[in-house]
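Results of the structural survey
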Amino acid sequence: MTDKDKEVSFEQAMEDLEAIVEKLEEGEVPLEKAIQYYQQGMELSKVCSVKLTNVEKQMTNIINEQGDLKAFSVQEEE
């Protein structure tokens, strides 16, 4: 993750990712541009994943310090 990626908030990365998905779903994007959007989307997805993992670790530490629970995990929406 680059310094620029660290500066982007999770919410902004998700918003940017959603905008890219919308553009790709329109289907009127030239192939070269679609590939660029795809690459940007994958980078944003990685940023979001790293940020979520970091938050999960922080929450686990907080919960363990409080002695309430031994583990914490982020569950995916169905």
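As the structure is a computational prediction, the values presented were derived from the model and not from experiment.

Quick word on a nonpolar patch on the surface
Residues L24, Y38 and M42 make up a contiguous nonpolar surface patch of about 300 Å² in total accessible area. Following the sequence through the fold, L24 ends up in helix α2 (residues 10–26).

Some points on the confidence of the model for the protein chain
Averaged over every residue, the pLDDT of the protein chain is 84; the share at 70 or more is 77%. Looking at the elements of the protein chain, mean pLDDT is at its lowest for helix α1 (residues 3–7), recorded as 63, and at its highest for α2, recorded as 95.

Some remarks on a negative patch on the surface
Judged by side-chain charge, E15, D16, E18, E22, E25, E26 and E28 come together as a negatively charged surface patch. With respect to the helices, strands and loops of the structure, D16 is situated in helix α2. A residue is classified by how much of its surface remains accessible, and D16, at 30% relative accessible area, is partly exposed.

Some points on the packing of α2 against helix α3 (residues 31–66)
In the contact formed by α2 and α3, the axes pass within 9 Å of each other and the chain directions differ by 150°. The angle between α2 and α3 falls in the class roughly antiparallel. The element α2 and its partner α3 pack so that their crossing is left-handed. Contact residues: F10, A13, M14, D16, L17, I20, K23 and L24 in α2; A34, Y37, Y38, Q40, G41, L44, S45, V47, C48, K51 and L52 in α3. Its residues assigned to classes, the contact of α2 with α3 comprises 13 nonpolar, three polar and three charged.

Concerning the environment of V50
Along the chain, V50 turns up in helix α3. Residue V50 is classed as partly exposed on the basis of its relative accessible area, which comes to 25%. Taking the C-alpha atoms as reference, V50 lies 9.5 Å from F10; in sequence the two are 40 residues apart.

A closer look at the nonpolar core
If you look at the biggest cluster of nonpolar residues, it comprises seven residues: A13, L17, I20, Y37, L44, V47 and C48. Counting residues per element, the ones that place at least two in this core are α2 and α3. Among the elements that line this core, the one with the most residues is α3, at four residues.

Some details on α2
With 17 residues, α2 should cover 24 Å at 1.5 Å per step; its first-to-last C-alpha distance of 25 Å lies within 8% of that length. Every buried residue of α2 is listed here: A13, L17 and I20. Viewed along the axis of α2, the buried residues span an arc of 60°, placing them on a single side of the element. Across α2 from its buried face, at more than 90 degrees, point the exposed residues E11, E15, E22, E25 and E26. Each element contacted by the buried residues of α2 is listed here: α3.

Conventions and cut-offs
Residues numbered from 1 in each chain as written. Predicted model: local features only at pLDDT ≥ 70, side-chain atom pairs only at ≥ 80, totals over all residues. Heavy atoms only, no water. Patch = residues over 30% accessible without salt bridge, like charges linked within 9 Å, V, L, I, M, F, W, Y side chains within 5 Å. Areas by Shrake-Rupley, 256 points an atom, 1.4 Å probe, with all protein chains shown as cover. Salt bridge = Lys/Arg side-chain N within 4 Å of Asp/Glu carboxyl O. Helix = DSSP H or I, 4+ residues; strand = E, 2+ residues; numbered from the N terminus. pLDDT = per-residue confidence, 0-100. Lys, Arg positive; Asp, Glu negative; His and termini not counted. Charge placed at Lys NZ, Arg CZ, Asp CG, Glu CD. Buried < 20%, exposed > 50% of the residue type's maximum accessible area, 1.4 Å probe, protein only. Axes fitted to C-alpha atoms, helices over the stretch in contact; angles between N-to-C directions. Parallel < 35°, antiparallel > 145°, perpendicular 65-115°, else oblique. Left-handed = near helix turned anticlockwise from the far one by under 90°. Contact = heavy atoms within 4.5 Å. Nonpolar A, V, L, I, M, F, W, Y, C, P; charged D, E, K, R; others polar. Core = buried A, V, L, I, M, F, W, Y, C linked by side-chain atoms within 4.5 Å. Expected span 1.5 Å × (residues − 1). Arc of directions from axis to C-beta.

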